[in-house]
Structures are given as structure tokens and as C-alpha cells.
Amino acid sequence: MTILQLKYVIAIDEECSMRKAADRLYVSQPGLSSAVRDLENELGIQIFQRVHNGVVTTVAGGAFIAYARSAVEQFEKIEDKYINAKVDKPTFSVSMQHYTVAVNAFIDTVKEYDLEEYQFSIRETQTSEVIDDLKSLRSEVGVIALSEFNRNMFKKIFADASLEFHELFTRETYVYLRKDHPLADREEISLEDLQDYPCMVFDQGDNTSFYYREEALATYDYKKVISTNERATSVELMLGLNGYAVGAAMLGESLSTSEIHNIKLKEEETLTLGYIIRKGSDLSDMAQTFIEKLKQYN
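Residues numbered from 1 in each chain as written. Predicted model: local features only at pLDDT ≥ 70, side-chain atom pairs only at ≥ 80, totals over all residues. Heavy atoms only, no water.

Caption draft 1: Focus on the sheet that holds strand E13 (residues 271-278). Pairing is mixed in the open sheet, where five strands are placed in the order E4-E3-E5-E13-E6. Each edge of the sheet is formed by a strand with only one pairing partner; in this case those strands are strand E4 (119-124) and strand E6 (163-171). Neighbour-to-neighbour, the strand axes of this sheet turn through a mean angle of 20°, independent of strand direction. This element, helix H5 (residues 100-113), spans strand E3 (91-96), E4, strand E5 (141-147), E6 and E13 of the sheet and lies at about 175° to E4. (Pairing = 2+ DSSP bridges. Helix = DSSP H or I, 4+ residues; strand = E, 2+ residues; numbered from the N terminus. Axes fitted to C-alpha atoms, helices over the stretch in contact; angles between N-to-C directions. Contact = heavy atoms within 4.5 Å.)

Caption draft 2: Local environment of helix H8 (residues 231-241). Burial in H8 covers these residues: Arg 231, Ser 234, Val 235, Met 238 and Leu 239. Buried residues in H8, looked at end-on, bunch into an arc of 130°, giving them a common side. Pointing more than 90 degrees away from the buried face of H8 are the exposed residues Ala 232, Glu 236 and Gly 240. Looking one or two residues beyond H8, the residue adopting positive phi is Asn 242, at roughly 55°. (Buried < 20%, exposed > 50% of the residue type's maximum accessible area, 1.4 Å probe, protein only. Arc of directions from axis to C-beta.)

Caption draft 3: Region of interest: the pattern of salt bridges. On inspection of all chains with the given rule, the structure shows 16 salt bridges. One salt bridge connects Glu 14 with Arg 69, and the closest N-O pair in it is separated by 2.9 Å. Of this pair, Glu 14 sits in helix H1 (residues 3-15) while Arg 69 sits in helix H4 (residues 59-84), and the two are 55 residues apart along the sequence. Arg 123 is the salt-bridge partner of Glu 129, the closest N and O atoms lying 3.5 Å from each other. We classify Glu 129 as partly exposed; its relative accessible area is 31%. Because the salt bridges share partners, they merge into one network encompassing Asp 13, Glu 14, Glu 15, Arg 24 and Arg 69. (Salt bridge = Lys/Arg side-chain N within 4 Å of Asp/Glu carboxyl O.)

Caption draft 4: Seen up close, the packing of aromatic side chains. A full pass over the atoms with the stated rule returns four aromatic pairs. Measuring from centroid to centroid gives 5.8 Å for Phe 92 and Phe 290, while their planes differ by 55°, and the two rings are tilted. Of this pair, Phe 92 sits in strand E3 while Phe 290 sits in helix H9 (residues 285-295); the two residues are 198 residues apart in sequence, bridging distant segments of the chain. Exposure class is identical for Phe 92 and Phe 290. Each is buried. Chaining the aromatic ring pairs together yields one cluster made of Phe 92, Phe 106 and Phe 290. (Phe/Tyr/Trp six-rings, centres within 6.5 Å; stacked < 30°, edge-to-face > 60°.)

Caption draft 5: The side chain of Ser 93, seen in detail. By the secondary structure assignment, Ser 93 is in strand E3. Exposure remark for Ser 93: the relative accessible area of 11% places this residue in the buried category. A polar contact is formed between the side chain of Ser 93 and the backbone oxygen of Arg 138, at a distance of 3.2 Å. Every residue in contact with Ser 93, bar those within four places of it in the chain, is listed here: Ser 121, Arg 138, Ser 139, Glu 140 and Val 141. (Polar contact = N/O pair within 3.5 Å; in protein donor to acceptor, adjacent residues only side chain to side chain.)

Caption draft 6: Structural view of helix H3 (residues 29-43). Relative to the 21 Å expected for 15 residues at 1.5 Å per residue, H3 spans 21 Å between its end C-alpha atoms, a close match to the ideal helical length. Taken together, the buried positions of H3 are Leu 32, Ser 33, Ala 35, Val 36, Leu 39 and Glu 40. Projected down its long axis, H3 carries its buried residues within an arc of 160°, all on one side. Of the exposed residues in H3, the ones pointing more than 90 degrees away from its buried face are Pro 30 and Asn 41. (Expected span 1.5 Å × (residues − 1).)

Structure representation (C-alpha cells):
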């Protein structure tokens, strides 16, 4: 198995066509087909199913290509850093759940360094992918929030992945809803009061367990739930359907528009924001600065 073969199957998967992939890769179609056959024989699986108008990726092939993408990505990082780079550009990557304080800390960090050249990355993604990014070295720092309910479970996940969680601060729980919502004039509100309105929750992808929910009170039996994977969509749904979201004070700006209002929730479950790093890692100067900026938002 070679990196080149991995790049081949990734291109075929993306193009759904041997011919288009061959054109993109500047190789002959027979040569490409032969390389894929050799790889399939070596692995003992069928990666692609040939159909009349191209190819489709098999279930086994899809699982293999997911690993192939990760391997190629890491290989290309090594190439960029040690082979292709004429200048050693500073690099820094952060993965996070959606918290404005983390975005602001990233902005502050970039501004402080004010470099002529750099390669920075910020990934807003699902909880499991934040952890995977740290494990695979895709990111140097992850930002995540734990609830009272899932804290112990995540401690085990972090330990198994050789990651360390460092607590930053804890916040109480709030409800976010439109400013002219029928319940918006209350100083405090309960989930029972909201039972006739839809609750917006963030879609955690394959990890549908409520343990991975980044909202507080994940075990509450909401009557109406709408899952979304876009924050802007959540806001639009809240405005259009009189929906609401459960969050913490540190999330206020991330859900804020001129039409969104937050109210203290009667049911109490705090959320703790923190950062995760790999055990024993030597953090870059930018990572250390980013963490210091995060702490300033306490």
C-alpha cells in the first residue's frame, strides 16, 4: 500500500468516475484501474462497485477511505512542513464546539502575532470530532464544555485518548428565545413552561448519545426537539417557530442577534468550559497564547 494509491481512491470516491479521476490525477485510466485492483487485492475488500455511469463506493470502501483521508492529510502536512516549504510558516490549529469566547481568543491570538505569513486553522465541529482532531494531531488545542451529567464519562474518554482537560470557568444555564416570544417577559423560566415550544439541539452526527450533547440538561424529556448542524439555522428556526435553545452565559454572544433574548433557567445544571491538549505535549507559543487569551474571558 502506498500514499499514491490512497490518493487515487480518494479522488475516485470524490469524482464517482474512474475516467474523471484519471483526468484529475493526470494518469491513464488503465493504470489507475490497475492500481486500485492491486490495493483491493492487498486489502481483501472491494472498494468500488462498477456501474454503468461510473463507480460507487462500497460500505467497506467508504470505511477504508475515511482512514485513507486521515493518512494522506497527515502525510501532506509532513510534506508541507519538511519538504515543500521554502519558509517555515508558523502553524496553529484549534478545534472547538461553538463558543464565541473561543473564537474571540483565536482572533486575539492572531492579532497579537501579526505575522506576514502563517497557516492557521479553526474548526467548529461536533464534540467527538474535537476529540478526534486532538488524537490525530489535526489540532493542537480543543475547546469543549462539560455538563454535570457527562463530566465523568468524558474524563474516561480523555484518559483513554491520552488527553488532558483543563477547566476554565463554569456558567449557569439560560434559555435563548426571540425577544417577542410569548414567555420573553419573564425573569426566570422553567422547561415545563417551554414544553409546547420546540427545543433546538446541535446535531452530534453519528454520536447521537445524549452524553455527547453540549447543551445542559441532556436527559430532560423534551416534548418537541429539532436537531440542526448550523447555528444560523438554529437562530432562524427559533425566530420562525418560537423555538428556544438551552445554553450558558458564555454562549450568549454566539446565539445573539438583535432579536434573541436570554432568560435564567429554573432547572440548574452548570456547564464548564475548558480546553483539552495531548498529555505531555510541548505547546507552541501560539497555543500557549491562545490559552492565556481564553482565560481572560473568565
